[in-house]
Amino acid sequence: QVQLVESGGGLVQAGGSLRLSCAASGRTFSIYDMAWFRQAPGKEREFVAFITWSGGSTYYADSVKGRFTISRDNAKNTVYLQMNSLKPEDTAVYYCAARNPRGTYRSRNEYDYWGQGTQVTVSS
């Protein structure tokens with residue numbers, strides 16, 4: 001079992017930056033692939049970014065590529081999402097998720113553990 005707790009959300013103006021953190025506890029963090037998803041009101045939860053267990057590979061949704069960066073510190077059991085050049089359409093609840101390494105990474109159904117989410121609001 002892995003427990004995930006997100007932090008770092010808040011209200012920011014368009015063009016600004018935020019860094020989200022996701023702290024993990026429980027089983028060995030370093031064996032899990034990690035991802036960030038987000039869910040805006042009235043919309044499905046969507047993939048944002050992914051990082052492999054080793055940190056060796058990262059993948060992004062087209063909508064955030066070049067603006068967001070996912071990283072992890074296995075010594076601190078933490079994964080991060082640096083968000084720059086934020087837009088109003090980035091407004092959502094952001095969730096981190098963990099899974100044992102396997103196939104496709106974009107589907108929420110592939111993840112075993114989820115945090116409670118942190119709200120990000122970008123004003124225009």
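Definitions and limits used
Residues numbered from 1 in each chain as written. Predicted model: local features only at pLDDT ≥ 70, side-chain atom pairs only at ≥ 80, totals over all residues. Heavy atoms only, no water. Helix = DSSP H or I, 4+ residues; strand = E, 2+ residues; numbered from the N terminus. Buried < 20%, exposed > 50% of the residue type's maximum accessible area, 1.4 Å probe, protein only. Contact = heavy atoms within 4.5 Å. Pairing = 2+ DSSP bridges. Phe/Tyr/Trp six-rings, centres within 6.5 Å; stacked < 30°, edge-to-face > 60°.

A. Spotlight on the environment of cysteine 22. Looking at the secondary structure, you find cysteine 22 in strand β3 (residues 18–26). A residue is classified by how much of its surface remains accessible, and cysteine 22, at 0% relative accessible area, is buried. Linking cysteine 22 and tyrosine 32, residues 10 residues apart in sequence, is a C-alpha distance of 13 Å. Setting aside anything within four residues of it in sequence, one finds cysteine 22 in contact with Leu4, Val5, Glu6, Met34, Trp36, Asn77, Thr78, Val79 and Cys96.

B. Broad picture of the pairing of strand β4 (residues 33–39). Buried residues dominate β4, accounting for six of its seven residues. Relative to strand β9 (residues 92–99), β4 is paired through seven bridges, and the arrangement is antiparallel. Paired with methionine 34 across the two strands is alanine 98, which belongs to β9. Counted between consecutive antiparallel strands, the loop separating β4 from strand β5 (residues 46–51) contains six residues, among which glycine 42 sits at a positive phi close to 75 degrees.

C. Quick peek at the packing of aromatic side chains. Scanning the model with the defined rule gives nine aromatic pairs in all. On the numbers, 6.1 Å between centres and 35 degrees between planes, the contact of phenylalanine 50 with tyrosine 59 is tilted. Residue classification places phenylalanine 50 among the buried residues on the basis of a relative accessible area of 3%. Consider the rings of phenylalanine 50 and tyrosine 105, whose centres lie 4.9 Å apart with planes at 25 degrees: the pair is stacked. Within this pair, whereas phenylalanine 50 is found in strand β5, its partner tyrosine 105 is found in the loop between β9 and β10 (113–114), the two being separated by 55 residues in sequence.

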